[in-house]
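Commentary on secondary and tertiary structure
Chain by chain, the residues run as shown.
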Amino acid sequence: RFIAKPCAINLGIQDSGPHRAQPNAILEKVFTSVTKSPDGKRLEGLSKQLDWDVRKIQRWFRHRRNQDKPTTLTKFCESMWRFTFYLSIFFYGIRFLWTAPWFWDTRQCWYNYPFQPLTSRLYYYYILELAFYWSLMFSQFTDIKRKDFLIMFVHHLATIGLITFSYMNNMVRVGTLVLCLHDASDFLLEAAKLANYAKYQRLCDAFFMLFGVVFIVTRLGIYPFWILNTTLFESWELIGPYPSWWLFNGLLVTLQILHVIWSYLIIRTAYKAFVRGKVSKDDRSDVESSSEEEDVTSNSTKGVCSTSSNGSNRINGHVTSGQWTEE
């Protein structure tokens, strides 16, 4: 409210939402009581009832769905808050772990386990991370619903479960490594979103590419060969398996499966950008283009024109709508 919003306004981001649908009692009743995405048969019935063209009714429903979604200013403020938290907690974690012996030798995570002291800095690190992920868990149900809603829900559950479980079992040393590793790339994605909302597209592309590299290196490289190696094999060797050991590693492996899924989405997005010479829409997003259906018709009559292959207008090789970091 006092920092992000003034920054957004200075960058020229307006507090204006998408095009609002014109008032219509019949369509509004169908939208709120029956369906938000009517099928062809229902569209034809509404067309006869209102004496409207089917395409006009489709546009109305699309505008009606979009008008309830957050404005660019709202999304900018949310991303700036997350960017601030991820960046701050990452540097806090790095500063704390830099002097920790288990940061350089993961076998130190299991020496003298479970009789390992819980320092105040380690305690606050855990509490801050746990509180943040609980907030994400609750806000996910009020934010715009994305295609990866279920994946994110499982991720938040696994993360909260890991933080809580590792704290209760005093596995806090390896827990801090997992937390810091996951924070290493998150602030870069939020930076890409901020650049996108401010229409600095080349900066957005650079941040996203950097995010993709860091994400893949940390989640597909360091995480399995550093974190999973110590929790699965070094812990087995030093303290042996026990009932909660299986649950702890089960949650960590679940996270690794999610890492593979997200890495695939990131690589596919980057591949499209390189091959087509443009940025495509984020595969997670359910935001609808305000002209997606009209473009189908216009492209069929205009032939080759100054639109991209998915119907989005481009400037200097960058799409002006439906960016890959669009929320």
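For the structure itself, consult the block above.
Summary of the structure given here. Here the structure is a predicted model, which means the values were calculated and not measured. (Residues numbered from 1 in each chain as written. Predicted model: local features only at pLDDT ≥ 70, side-chain atom pairs only at ≥ 80, totals over all residues. Heavy atoms only, no water.)

1. Section: the overall build of the protein
The helix and strand tally for the protein stands at 12 helices and 2 strands. When the helices and strands of the protein are read in sequence order from the N terminus, they spell out α-α-α-α-α-α-α-α-α-α-α-α-β-β. Within the protein, buried positions represent 46% of all 327 residues. Taking as baseline every contact in the protein between residues at least 6 positions apart, the subset at least 24 positions apart corresponds to 79%. As displayed, the protein offers around 17300 Å² of accessible surface, 62% of which is attributable to carbon and sulfur atoms. (Helix = DSSP H or I, 4+ residues; strand = E, 2+ residues; numbered from the N terminus. Buried < 20%, exposed > 50% of the residue type's maximum accessible area, 1.4 Å probe, protein only. Contact = heavy atoms within 4.5 Å. Areas by Shrake-Rupley, 256 points an atom, 1.4 Å probe, with all protein chains shown as cover.)

2. A few points about the environment of His63
Note on placement: His63 falls in helix H4 (residues 54-67). A relative accessible area of 14% means that His63 is categorised as buried.

3. Topic: the state of the cysteines
A covalent bond between the sulfur atoms of two cysteines is referred to as a disulfide. Tallied over the entire structure, the rule returns 0 disulfides. Left without a disulfide partner, Cys7 is nearest to the cysteine sulfur of Cys77, which lies 8.8 Å away. (Disulfide = S-S within 2.5 Å.)

4. Quick word on the side chain of Asn249
Its place among the elements puts Asn249 in helix H11 (residues 243-276). There is a polar contact of 2.9 Å between the side chain of Asn249 and the backbone oxygen of Trp245. Each residue touching Asn249, except ones within four places of it in the same chain, is listed here: Thr231 and Leu232. (Polar contact = N/O pair within 3.5 Å; in protein donor to acceptor, adjacent residues only side chain to side chain.)

5. A look at the nonpolar core
Counting residues in each nonpolar core, the largest one holds 51 residues, and the members touching the most others are Leu97, Trp102, Leu177, Tyr223, Phe248 and Leu252. Elements that contribute at least two residues to this core include exactly helix H5 (72-98), helix H6 (101-104), helix H7 (120-139), helix H8 (149-168), helix H9 (172-197), helix H10 (201-238) and H11. No other element matches the 11 residues that H9 contributes to this core. With 11 residues, the next largest nonpolar core counts Val30, Phe31, Leu46 and Phe61 among its residues. (Core = buried A, V, L, I, M, F, W, Y, C linked by side-chain atoms within 4.5 Å.)

6. Focus on a nonpolar patch on the surface
Nonpolar side chains collect at one region of the surface, where Leu118, Tyr123, Tyr124, Ile127, Tyr167 and Met168 lie side by side and expose about 600 Å² of accessible area between them. Among the secondary structure elements, those contributing two or more residues to the nonpolar patch are H7 and H8. Of all the elements, H7 adds the most residues to the nonpolar patch, at 3 residues. Among the structural elements, Tyr167 can be located in helix H8. (Patch = residues over 30% accessible without salt bridge, like charges linked within 9 Å, V, L, I, M, F, W, Y side chains within 5 Å. Salt bridge = Lys/Arg side-chain N within 4 Å of Asp/Glu carboxyl O.)

7. Concerning unusual backbone geometry
For the bond running from Tyr113 to Pro114, omega is 5°, close enough to zero to count as cis. By the element assignment, Pro114 lies in the loop between H6 and H7. Its identity as a non-glycine residue notwithstanding, Asn112 has a phi of 60°, on the positive side. With respect to the helices and strands, the residue Asn112 is situated in the loop between H6 and H7. One non-glycine residue, Asn170, adopts positive backbone phi at about 60°.

8. Brief notes about the packing of aromatic side chains
Going through the model one piece at a time under the given rule, you end up with 28 aromatic pairs. Relative to Trp104, the ring of Trp98 has its centre 4.8 Å away and its plane inclined at 80°; by these criteria the two rings are edge-to-face. Like Trp98, the residue Trp104 is exposed in the burial classification. With centroids separated by 5.2 Å and ring planes inclined at 75°, the aromatic side chains of Trp236 and Trp245 adopt a geometry described as edge-to-face. (Phe/Tyr/Trp six-rings, centres within 6.5 Å; stacked < 30°, edge-to-face > 60°.)

9. Quick notes on the pattern of salt bridges
Under the definition given, this model contains 4 salt bridges. The salt bridge involving Glu78 is made with Arg82; its shortest N-O contact spans 3.5 Å. Here Glu78 pairs with Arg82, and both are found in helix H5, just 4 residues apart, close to one helical turn. You can call Glu78 partly exposed: its relative accessible area is 23%. We classify Arg82 as buried; its relative accessible area is 18%.

10. Some remarks on the packing of H8 against H11
At a minimum axis distance of 10 Å, the contact between H8 and H11 shows a crossing angle of 145°. Judged by the sense of rotation from one axis to the other, the crossing of H8 with H11 is left-handed. For the pair formed by H8 and H11, the contact residues are Ile151, Met152, Val154, His155, Ala158, Thr159, Gly161, Leu162, Phe165 and Ser166 on the first element and Ser244, Leu247, Phe248, Leu251, Leu252, Thr254, Leu255, Leu258, Ile261 and Trp262 on the second. In the contact of H8 with H11, the residues fall into 14 nonpolar, 6 polar and no charged. (Axes fitted to C-alpha atoms, helices over the stretch in contact; angles between N-to-C directions. Left-handed = near helix turned anticlockwise from the far one by under 90°. Nonpolar A, V, L, I, M, F, W, Y, C, P; charged D, E, K, R; others polar.)

11. So, the packing of H7 against H9
Between H7 and H9, whose axes approach to 11 Å, the crossing angle comes to 50°. The orientation of H7 relative to H9 falls into the category oblique. Like other packed secondary-structure pairs, H7 and H9 cross with a definite hand, here left-handed. Contact residues: H7 offers Leu122, Tyr125, Tyr126, Glu129 and Tyr133, while H9 offers Val172, Gly175, Thr176, Leu179, Cys180, Asp183 and Asp186. A breakdown of the residues in the contact of H7 with H9 according to their chemical character gives 7 nonpolar, 2 polar and 3 charged. (Parallel < 35°, antiparallel > 145°, perpendicular 65-115°, else oblique.)

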